[in-house]
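Take a look at the letters that make up each chain.
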Amino acid sequence: MNFNINIPTEIKFGSGNIKDLGAETKRFGSRALILTMTDIVKVGIIDKAIQSLQEEGIDYLVCDKVKPEPFCEDLDNIAKEVKSFNPDVVIGIGGGSVLDVSKAMAILVTNSGSSWDYIDLRGRPPKQLDKPNVPIIAVPTTSGTGAEVTMNSVLTNSSTKQKATIKFPSLFPKVAIIDPELTLSLPPRITGMTGFDAFTHALESYMNTRRSEFSDMVAMQSMKLSIDYLPQTIAKMDYLEGREKCAWSSVLAGFSIAHSGTTVAHAIGQPATARLGLPHGLAVSIFTIPVLHHTYLHEIDRFAVLASFLDPKSTKGLSEKEKAQYCIKLISNHQEQSGVAQTLSQNGAKSSIIDELTEDTVGYMGRGLPQHPVSFDKEEIRTIISESY
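I will try to describe carefully the structure that is included in this document.

Rules of the game
- Residues numbered from 1 in each chain as written.
- Predicted model: local features only at pLDDT ≥ 70, side-chain atom pairs only at ≥ 80, totals over all residues.
- Heavy atoms only, no water.
- Buried < 20%, exposed > 50% of the residue type's maximum accessible area, 1.4 Å probe, protein only.
- Helix = DSSP H or I, 4+ residues; strand = E, 2+ residues; numbered from the N terminus.
- Pairing = 2+ DSSP bridges.
- Salt bridge = Lys/Arg side-chain N within 4 Å of Asp/Glu carboxyl O.
- 1 Å grid on protein atoms, 1.4 Å probe; cavity = no way out; pocket = protein on both sides within 12 Å on 5 of 7 lines; lining within 4 Å.
- Points joined across faces, edges and corners; volume = space filled by probe spheres on them.
- Nonpolar A, V, L, I, M, F, W, Y, C, P; charged D, E, K, R; others polar.
- Contact = heavy atoms within 4.5 Å.
- Axes fitted to C-alpha atoms, helices over the stretch in contact; angles between N-to-C directions.
- Expected span 1.5 Å × (residues − 1).
- Parallel < 35°, antiparallel > 145°, perpendicular 65-115°, else oblique.

1. With respect to the pairing of strand E6 (residues 136–140)
At step 1: The buried count for E6 comes to five of five residues, which makes it a mostly enclosed element.
At step 2: Alternating positions in E6 separate into two faces, Ile136, Ala138 and Pro140 on one and Ile137 and Val139 on the other, with burial throughout.
At step 3: Relative to E6, strand E4 (residues 89–94) runs parallel, the two sharing five bridges. From the neighbouring strand, Ile93 faces E6, where its bridge partner is Val139.
At step 4: Examined bridge by bridge, E6 and strand E9 (residues 175–178) share two bridges and lie parallel to one another. Each bridged residue has a counterpart across the sheet, and for Ile137 the counterpart in E9 is Val175.

This is the structure:
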């Protein structure tokens, strides 16, 4: 065995932990920029956060202009408005989009240029930081992206119709306050979409050529928690135990991709979001099952191991190939129960999207393809996208 384990984010996990935000913020300074969404403010989710900051005498500025699947242009405009506040720390309270924006904003309040300058594109290295970014505190209100424990900030460029990632180790949040009570108001559709997003993170980490025994361990446990608890959590909004298990599943999935990364479904899904405006979790889900169908014959042993772990009772007595096939069925059923078993055409895409996404995937998103256990050429990528149409 030979691998590194690096978890630089301090995690505070548990119901009611939002009350500790003020004390955690005080460790980094006395001026906090809070980034969130208007809907999160309206339902009162940030009220306890603000109360905690006030109790510690923290000066704060709330910006609720973050939008889902954020555009770099919108982020740049927000940066112009808040930079003069000169925050000591950036606090993101929201889902993956908010946490992604918070990481990028932590750069922009101390550095020049556009957020897109810092994107890591294939064939174009990112602009390096002239000054250190300010520290980040992540407070997720969904259980899906795992952004609270990764360095990734995913943004979309509306001009080029590209979606890609800022990646600097300094963007790992210093603290993640994970309070499952903050997710109780999530409607079933968002609960399912974000929950299956976390599942795909763990799945792609498990299938990743950069995987390790550590990433396998946390990825498998994340998937098991998702299958065991997500369907009931979708069905019952006030199911706090389910919210806790799904939140921990998301954290574990975040750990796994922080150490190994994602593969083909994400490489196609991100351009699909950029071109079609699809929610990230739905976009990735659309390509997940076709990718698995083109993969399992090359990875029968790993698919069989995963199936036995996720459902030992149903796989008892099956051959390795039968277990591998059952693994795809199990994941497909979980996708349906999560409410994200959809196609591109069901979401209004024209057939021309097949060629566009093929070029995007093998082009600017091509870096993630070698991390998949099967090497797909351009035509095979096109076939997978066609099967997702």
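2. Quick look at the pattern of salt bridges
If the charged atoms of two oppositely charged side chains come close together, the side chains can form a pair.
At step 1: Tallied over the full model, the rule gives 16 salt bridges.
At step 2: Between Arg382 and Asp355 there is a salt bridge, and its shortest N-O distance comes to 2.8 Å. Taken together, the residues span a long stretch of sequence, with Arg382 in helix H15 (residues 378–387) and Asp355 in helix H14 (residues 353–362) at a distance of 27 residues.
At step 3: By relative accessible area, Arg382 is classed as partly exposed at 30%.

3. Some words on empty space enclosed by the protein
At step 1: Tallied over the full model, the rule gives four cavities of 30 Å³ or more.
At step 2: The calculated volume of the largest cavity comes to roughly 70 Å³.
At step 3: For the largest cavity, the full set of lining residues is Thr200, Leu203, Glu204, Met207, Thr263, Ala265, Thr288, Val291, Leu292 and His372.
At step 4: Among the secondary structure elements, those contributing two or more residues to the lining of the largest cavity are helix H6 (188–206) and helix H10 (280–293).
At step 5: For the lining of the largest cavity, the per-class residue count stands at five nonpolar, four polar and one charged.
At step 6: In this structure, the second largest cavity spans a volume of roughly 50 Å³.
At step 7: Considering the residues around the second largest cavity, the lining is formed by Lys65, Val66, Lys67, Pro70, Phe71, Asp74, Leu75, Ile78 and Val101.
At step 8: Top contributing element to the lining of the second largest cavity by residue count: helix H4 (residues 72–82), with three residues.
At step 9: Residues of the lining of the second largest cavity, tallied by class, amount to six nonpolar, no polar and three charged.

4. Re the sheet that holds strand E7 (residues 152–157)
At step 1: One open sheet accounts for three strands, arranged E5-E8-E7; its pairing is antiparallel. The open sheet has two edge strands, strand E5 (119–120) and E7, and neither has a second partner.
At step 2: Lying on the sheet, helix H5 (residues 96–108) is in contact with E7 and strand E8 (162–167); it crosses E7 at an angle near 90 degrees.

5. A word on helix H8 (residues 240–259)
Each α-helix winds once per 3.6 residues, and so residues spaced three or four apart point in a common direction.
At step 1: For H8, with 20 residues, the first-to-last C-alpha span of 29 Å sits near the 28 Å given by 1.5 Å per residue.
At step 2: Trailing H8 by a residue or two, Gly261 shows a phi angle of about 100 degrees, which is positive.

6. What about the packing of H6 against helix H9 (residues 264–276)?
At step 1: In contact at an axis separation of 9 Å, H6 and H9 are set at 135 degrees when each is read in the N-to-C sense. Here H6 is positioned oblique relative to H9, judged by the angle of their axes. Of H9, the residues touching H6 (which contributes Asp197, Thr200, His201 and Glu204) are Val264, Ala265 and His266.
At step 2: Of the residues belonging to the contact of H6 with H9, the class tally is two nonpolar, three polar and two charged.

7. Looking at H5
At step 1: In this model, H5 (13 residues) spans 18 Å end to end at C-alpha, consistent with the 18 Å of a helix rising 1.5 Å per residue.
At step 2: The buried fraction of H5 is high, at 13 of 13 residues.

8. Quick word on the pairing of strand E2 (residues 31–35)
Successive residues of a regular strand alternate their side chains across the two faces of the sheet.
At step 1: The element E2 is extensively covered by neighbouring structure, given that four of its five residues are classed as buried.
At step 2: Inspection of the sheet shows E2 paired to strand E3 (residues 59–63) by five bridges, in the parallel sense. Bridge assignment links Arg31 to a residue of E3, and that residue is Asp59.
At step 3: Where E2 and E4 come together, four bridges link them in parallel fashion. Residue pairing in the sheet places Leu35 in a bridge with Gly92 of E4.

9. Re the sheet that holds E2
At step 1: Strand order in this open sheet of six strands is E1-E9-E6-E4-E2-E3, and the pairing throughout is parallel. A strand with exactly one partner marks an edge of an open sheet, and here the two such strands are strand E1 (10–13) and E3. Averaged over all pairs of adjacent strands, the angle between strand axes in this sheet comes to 15 degrees, irrespective of strand direction.
At step 2: Bridging between E1 and E9 involves four bridges; their strand directions are parallel. When the sheet's bridge partners are listed, Lys12 is paired in E9 with Ile177.
At step 3: This element, H5, spans E2, E4 and E6 of the sheet and lies at about 170 degrees to E4.
At step 4: In this fold H8 packs onto E1 and E9, with an angle of close to 170 degrees to the strand it touches most, E1.

10. Digging into the side chain of Asp360
At step 1: Within the fold, Asp360 resides in helix H14.
At step 2: Filtering out sequence-adjacent residues up to four positions away, Asp360 remains in contact with Lys161, Pro271, Arg275 and Met365.

11. Digging into unusual backbone geometry
At step 1: One non-glycine residue, Glu69, lies in positive phi territory at about 50 degrees.
At step 2: The residue Glu69 is located in the loop between E3 and H4 in this model.
At step 3: Positive phi, close to 55 degrees, is recorded for Lys161, a residue that is not glycine.
At step 4: Residue Lys161 is classed as partly exposed on the basis of its relative accessible area of 43%.

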